[in-house]
Each structure stands twice: as C-alpha cells, then as structure tokens.
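# Architecture and fold: a report
Next come the chains, spelled out residue by residue.
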Amino acid sequence: MNKSGSNSQARQGGDERTTQTVQVARQGVSEEANAVSPMKLGRTEARRWILTGRVQGVGFRPFVYLLAQRFELKGVVQNQLGQVMVAAEGEPAALDAFSAALISDAPPLSHPHIANVETIPLFGFTSFEILDSASAGETHIHVPPDLYLCADCQREMQSPQDRRYRYPFTNCTQCGPRYTVIERMPYDRANTTMAGFALCDACRAEYEDPANRRFHAEPIACPQCGPQLEFVSGDVRLQREAALDACIAALRRGEIVAVKGIGGYHLMCDARNAESIARLRERKHRPHKALAVMFKGLEEIRRELIVEAQAEAALCDSARPIVLLPRLPECSLPDGIAPSLHEVGAMLAYSPLHHLLMVKLDAPLVATSANLSGEPVLTEGAEVEARLGKVADAFLHHDRPIARPADDAVLRITADQARLIRPGRGIAPIEIELPFSLPQVTLAVGAHMKNTIALGWGKRAVLTPHIGDLDAPRSIEVFEQVIDDMQRLYGVQAEAIVCDAHPQYASSRWAAKQSLSVQTVWHHHAHAAALALEHGVHKTWLTFTWDGVGLGEDGTMWGGETLHGRIGDWQRVASLRQFRLPGGDKAAREPWRSAAGLCWEMGADWAFPVDDITLLHTAWQRGINTPTTSAVGRLFDGAAHLLGLLDHASYEGQGGMLLEQVAAGEAEAIVMPLNEDAQGLLVIDWQPLIAAMMRNEIPVATRAMTFHRSLAHSIVMQAQRIHAQQAFDAVGLSGGVFQNKLLAELALEGLQRAGFEAYLPQQIPCNDGGIALGQLMEAGIKNG
C-alpha cells in the first residue's frame, strides 16, 4: 500500500489579470475608475456574492460553475476560508435568476446563505473559472460532516463494467468522508489525509471535468490510485479484493472482526449469531450494554423492528445515525444484542465498505465501537491490534488516515421527534448561531462523562462529536487533540476557557493547567442554558435539570433540581429531598447502595446483597463516605433495586433503562408532598414513592409504571405551584434522566394538558453531551 506524490490542485485560476480581477471583486466598487464602462458592454452588469453556511465539502463550487454555464455568465468562484466568493458578469435578468438559483438549486447536502451581494465594476471576463482557494483573510469556516454513500456511487460500485466496481472508497462531491479527513482548511485535497494519494490520469480527468459529478471532489479515488484494504488474522495478511473476501468469510464463520470505517473502527460480527455475540461481550467485558446493529436496507430493518415515520426519516437522514427502535414481537435478533431491553440501536450501511459487506453477507451485523469502555473509538491499525488483540479474531484495515475519531451519532424518537442522544459522525460538528456576540474566543471543555467540546467566537458556536468519558489517558489525548484541531480548522485561537465547577472533573483539571483565564459554570445551570439556547434564549424558564450527579452550589451532589430564570441568571426553586449514599461513588455502579440510602433515610428495613451491611449502616449513620445527593438518577437506581431488577450495574444508567423497559399497564401516580424549607425552597418528598416500590405484592410492571407516572405528576405539580408565585414563559426538561422516553413523554403530556409550553432538547443532547454548549452560553451572557 504505497502512497506517493502529491495531487495537483484545481486549475490555476487564470493569469495575472484574473487574479487582479478577484482582488477588485473583493474590494467592491473601490477601483471603479479602472473598470470597463457598462455603456461599452450594452446591458451587461457585474455582481459579487459572498455565500456562507455549509458551502464546502458538498460540491458547491462545481455547482456554481455549472450554474454559470446554464445562465451564460462569465466570472469566477473561489473558496475563501469557509465562505465562497462568486463574481459574475451577464445580463441583469440572468444575474437575478442566477442569484435565486444559488439557493433554490443548491446541492442537497449544502446549506448556503447569501451574506452579501453587490454590484461591482465590469472587467470583461471571457469565461467562468474555479480559482484556487484563498488561504488568507477573515475566516468564515464551516467544516462539513462526513457524508453517506450516494445512490450514484453505489450503482457504480455494484456495476461490473465500472472501473470502481467493488471499490470500498468511492466517493463524489455528494458523498464520502469530510470531517474525519480534513486536516486544515480550506477544504482542498492537499489539506486532507488524501494528500498522499496522487491522482491517476482517469481520476484527474474526472476531477477537472466540469460536467462530471467528481469535479473538484477532494477525496476522489479509484482502485489504481486510492486507498486499499488489508486483512490481518494471525500470520495471514491479504490485500485488496482478497482482504474483503477474507473478512466476509471470517464473519460468516462467526468470527469477530475489527473493521476500519470512516471515523474509526467497529467491532463486527453476525448479529444473528448468539454465540458470536456472547464471545464479543465476554472478551470486551461488556456483559449488558446494548450493541448497535447495521442493516443493508430499510426492508431488512422492518423485518425485525418497528419503524414509524419519524424513525424512517431519521434512519434515512444524510447522517445515517443509530436510531433506537422497538423490537417487533417476531424479532429474530438474539436477546444478547440488548439484554432485557425492548429497543435495538439500528443503522443503515453508510460507507462503501459497509455496503460491500452487507450485500455479500445478506445479514445484519453487530457494529459496536472498537474501544475500551467509555474511551473514544480507535482509529489507528497498530493501536487497534495492540489494544483489542484479545477481543477481535481478525482485522480489516485500510490506509486512508483518519484525522480525528468520530463515533456514530445516536438518536431516539421521543414525543414524535428524533432527539439527539450522542453527537457523532454525519451530524457533528454541530454549528449554532448564537443570539449574541461573544466578547472573546471561548473554549468550553464540557463535562467529565459523555464529553464534548464547544468552541465559540463572534455569534458562532461549534459542538464537537462525542469524545467519551475522561477517565482514561487515551480519552485525555483525544480530548486535547480535538481542542487543537477545532481551533486550527476554524482559524481561531481560544482566549478564555469555561469549565464545570466540579474541580475534580478531568476537563476542569485540564482547564486549570492552561495559561488562559478560566470561568466555572455550575453543572445544572449549563443543562438549563443548553435547553434555552435551542428553544428560546429570551424566555423566562422553569427548567427541571434531572440527572445522575453534578456539583451543586451548596457543595452537595445535585441532580433533582428545578431552576427558574434565564441564561446567566438561574435560581433554584425546588429540589428532590436529599439522602446520603453509602459508599460514595460506588453507588453509581451499585444501585443497591442508593436503595440502602433511601431505606435508611426513611427508617425502613430491606435485605441488601452484602455480608457486612451492619458495618456499612454504621458508617452511614456516622456520615463516613456518605455524600449527600438530590439526584433523580440515583432515585431510579434505588427503585430498580427494590423492584428486583439489578444489584450491580455494568454500565451507566442501566437501572433507569431497565425500570423504563418493564413499566407497563395501568397505574396511578403517587403524590409526593412539596414541602417548603426554611430558605423557601420546595422539597419533593420521595418517601411515599419509595415505600410503594417496596410493596412486593404489587406486580413489578405496575410499580415501575407508578414510579414514572409519579415523577411526571410531581413535575406538573411543581410547575403549577411555582407559577402561582413566579411567572415564567415555558417549562424545560434537561439532564440525562430525560433520555427516558416514558418519563419525558408523560411529563410533556401532563405539562401541556395543564396549559404550559413544554420543551425537551432535540438538536442538542439533554445529557452531559450538551453541557459544553450550556457552559458557553452561561459564560457568554455573563461576560457580554
């Protein structure tokens, strides 16, 4: 797999006069004295457009070129560090139609915006050209996400007569890798990980042909000049077609193969093979957490899972995300895919390589991230073999470098909308227009778990793909790499940092070591601010910020808070009754500890699965390693244990997920009293609810439904009581607890029935993946 040479760039953009023309076009009418008089050219006019938005990596310049031919215009188009400049001459009516078509006829994956259009001097262009990208000037960069395989490329790949038949790296201006191959902007081949692959004559001809859909397709490749596959299994090493065939044979034998994709490696095996799935779980030490499944097409998904309209739209979105879907009663997928859960994370094949595998195998594949638990997905072949050599039986590598990891995005349909749970490939980077201008370039470094990073400057903010949990050294390495990459890609340098107020978060410790000024933001304020950013920054909110843990203003662990106010000005007006957790941090993975803390707080007895319970109870009574919490996430854990669902959790949130899955049937809500403390804070008393969870004579499904209905009812009760005392415009639900579809839908329905406007995050994760944007908003408002 040798790579050599360097691809020649787009045509050189003309002679010195053309270069001068572009310079004048940038300056508008400032050199009108040197221009050709409009009277001399009849009704010909010249105009200059500046287009911003998603205009790079989506075939926009070739589109402009062909559009100019259609309207018989002369001029130039050029990338200018994230924006596109177009200068064109022609009849006024043609220029008007051209201007409208720049938006109406734009490539489907682009999102252009005409930032400026003006009349400029005439220069007598003789043709229309694509100029080399500008590398200097003000940056307006929009980094494109990775794109799924388009229908045209798929047809070519499946045609034996085509020169790209069964080639696993085919792409064009409408599909292929972007974010994961771009090393710097502007988006030109020389600035991507494809720079080392010199174009063959055939690819070069396509790249330079305005009538070809690969015209200026930067990652363009073919079997003669592009990346290649390599299969490794023990001492066996095979390349190209033989590598692909060997991988397919290994999967058919029930083996586990680490397959390099667009943003990293997947661990893959036959999703119908219960033994293979069991081996994967045993080797990866992942006994229960759900595994994603990749399907060839919608028809195959519909044979196993329930696909309603919103889910179909999400599955077929250009991002090709993982979407959580309910099983059909006749679903044949083994229970080991998602033990004790009724939903499966499904996605459609999105890369050429995936399509080749799926078509040949004609079977769904487990496609779980190739990583150690919680870490970023692995991207380097040698590291994958070293770290996952005892997990995978074989490896399917390729030699197209991945600039930075991007895990698959995850969505769930809640309240009839696809809502983002994990930002990833195809969706992130997520670009957001801010309602105010930041006074300085600000880096928000997010939370400790489900980490993402937000970079903000001017009125722009960018949220990165999911990085992971920051417990391991590799997580910190990728965290630091993404911070550096984002600043380089967008051409800005952070002048200030904002982080979580918890000093022991790895992101907070990293921020403290930097030479920039650091501002801290309370965890639950960030949750509330992220929701307000999406649904109304000028509204006064009552926001329920419910999660598993987050440092509160009083030094205790919050997670059941109700905040009133708006971005930068939040007041805690209600909270779940606090209780003490025996064993501290161990409670997150041992739900019985939450149950013990709740039972002991209310003076109730229960049999717990440990021998030294008396010793632990004594330590709890004396306040030894028993942090105080108000977290609804821990309340879920305690209830899950009391219902006999689990004692120990193998992944975060397992107790809550099981509780949601078993809830069924008719059940009445239990009213949890709202008591006002000495400071005027409303305290939700969970004791009647926990007492109900201990009634073993009531079916588990009924108690689980009671639990959800009671929490939803409490939300409505709080909103009504607080609204009688303090005005607010809308109610928000934010925090990881509201990933729970049942609870979120019951709460939204109850609030709306009570006459409130109610909102749940959609484009920003409600979990800690959205914290960075909330931090950015809080810091920006306070410093603005």
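Relevant structure appears above.
Values in this document were obtained by computation on a predicted structure and should not be read as measured data.

What counts, and at which threshold
Residues numbered from 1 in each chain as written. Predicted model: local features only at pLDDT ≥ 70, side-chain atom pairs only at ≥ 80, totals over all residues. Heavy atoms only, no water. Helix = DSSP H or I, 4+ residues; strand = E, 2+ residues; numbered from the N terminus. Rg over C-alpha atoms; globule rule 2.2 N^0.38 Å. Buried < 20%, exposed > 50% of the residue type's maximum accessible area, 1.4 Å probe, protein only. Contact = heavy atoms within 4.5 Å. Areas by Shrake-Rupley, 256 points an atom, 1.4 Å probe, with all protein chains shown as cover. Lys, Arg positive; Asp, Glu negative; His and termini not counted. Charge placed at Lys NZ, Arg CZ, Asp CG, Glu CD. Phe/Tyr/Trp six-rings, centres within 6.5 Å; stacked < 30°, edge-to-face > 60°. Pairing = 2+ DSSP bridges. Axes fitted to C-alpha atoms, helices over the stretch in contact; angles between N-to-C directions. Left-handed = near helix turned anticlockwise from the far one by under 90°. Nonpolar A, V, L, I, M, F, W, Y, C, P; charged D, E, K, R; others polar. Core = buried A, V, L, I, M, F, W, Y, C linked by side-chain atoms within 4.5 Å. Salt bridge = Lys/Arg side-chain N within 4 Å of Asp/Glu carboxyl O. Polar contact = N/O pair within 3.5 Å; in protein donor to acceptor, adjacent residues only side chain to side chain.

## Comments concerning the overall build of the protein chain
The helix and strand inventory of the protein chain stands at 22 helices and 29 strands. For the protein chain, the C-alpha radius of gyration of 28 Å lies close to 28 Å, the compact-globule estimate for 784 residues. Looking at the 784 residues of the protein chain, the share that counts as buried comes to 62%. Restricting the contact set of the protein chain to residue pairs at least 6 apart, pairs at least 24 apart contribute 72%. Approximately 29500 Å² of the protein chain is accessible, and the part contributed by carbon and sulfur atoms is 48%. Where the 72 positive side-chain charges of the protein chain centre and where its 90 negative ones centre are 3 Å apart.

## Remarks on the packing of aromatic side chains
Inspection of every chain in the model, using the stated rule, returns 16 aromatic pairs. Here the aromatic rings of Y65 and F128 are separated by 6.2 Å at their centres, their planes lie at 75°, and the arrangement is edge-to-face. Of the two residues, Y65 sits in helix 2 (residues 60–70) while F128 sits in strand 5 (residues 128–130), which places them 63 residues apart along the sequence. A relative accessible area of 11% places Y65 in the buried class.

## Section: unusual backbone geometry
Most peptide bonds adopt trans geometry, and most residues besides glycine take a negative phi value. Look at the link from A428 to P429: it is a cis peptide, with omega at 5°. Tracing the chain through its elements places P429 in the loop between strand 16 (417–422) and strand 17 (430–444). Unusually for a residue other than glycine, A415 sits at a positive phi of about 50°. Inspection of the secondary structure puts A415 in the loop between strand 15 (410–414) and strand 16. Its identity is not glycine, yet N625 carries a phi of approximately 50°, on the positive side.

## Quick look at the sheet that holds strand 12 (residues 343–348)
Strand order across the open sheet formed by 11 strands is 7-6-14-8-9-13-10-12-11-15-16, with mixed pairing between neighbours. The open sheet terminates on both sides in strands that have one partner only, identified here as strand 7 (236–239) and strand 16. Adjacent strand axes in the sheet meet at a mean angle of 30°, parallel and antiparallel pairs treated alike. Sheet topology places strand 11 (residues 322–326) next to strand 12; four bridges connect them, and they run antiparallel. Bridge assignment links V323 to a residue of strand 12, and that residue is A346. The sheet strands contacting helix 21 (residues 741–753) are strand 12 and strand 15, and the helix crosses strand 15 at an angle near 40°.

## A look at the packing of helix 20 (residues 700–723) against helix 21
Between helix 20 and helix 21, the least distance of the axes is 9 Å, while the angle of their chain directions is 35°. Considering only the axes of helix 20 and helix 21, their crossing is right-handed. Counted together, M705, H708, R709, L711, A712, I715, V716 and A719 of helix 20 and L742, L743, L746, A747, G750 and L751 of helix 21 form the full contact between these two elements. Split by residue class, the contact of helix 20 with helix 21 holds 11 nonpolar, two polar and one charged.

## Observations concerning the nonpolar core
W546, W686, F707, L711, L733, F738 and L751 are the most contacted members of the largest nonpolar core, which totals 64 residues. With residues up to four places along the chain from it excluded, the contact list for F738 reads F544, W546, I715, L733, L743, A744, L760 and C766. One finds V232, I277, A311 and L388 within the second-largest nonpolar core, a separate group that totals 43 residues.

## Concerning the pairing of strand 6 (residues 229–233)
Buried residues dominate strand 6, accounting for four of its five residues. Alignment of strand 6 against strand 14 (residues 394–398), held across four bridges, turns out to be antiparallel. When the bridges of strand 14 are listed, V232 appears paired with F395. Strand direction decides the pairing type here: strand 6 and strand 7, joined by four bridges, are antiparallel. If you follow V232 over to strand 7, its bridge partner there is R237. Hairpin geometry of strand 6 and strand 7 is characterised by an intervening segment of two residues between the two adjacent antiparallel strands and by a positive phi of about 60° at G234.

## A closer look at the pattern of salt bridges
When charged atoms on two side chains of opposite charge get close, those side chains can pair. Here the structure, examined in full by the defined rule, presents 42 salt bridges. Two residues, D407 and R422, come together in a salt bridge whose shortest N-O distance is 3.7 Å. Taken together, the residues D407 in the loop between strand 14 and strand 15 and R422 in strand 16 connect sequence positions 15 residues apart. Its relative accessible area of 7% is what places D407 among the buried residues.

## Here we look at the environment of L291
Tracing the chain through its elements places L291 in the loop between helix 7 (274–284) and strand 10 (293–295). Between the alpha carbons of L291 and V344 there is a distance of 7.7 Å; along the sequence they are 53 residues apart. Excluding residues within four positions of it along the chain, L291 makes contact with I277, L280, R281, R286, G336, I337, G345, V366 and T368.

## Examining the side chain of R47
In this fold, R47 is placed in strand 1 (residues 45–54). Here D96 takes part through its side chain, which lies 2.7 Å from a polar atom of the side chain of R47. Ignoring sequence-local partners within four residues, the contact set of R47 consists of V86, A87, A88, P92, L95, D96, E118, T119 and I120.

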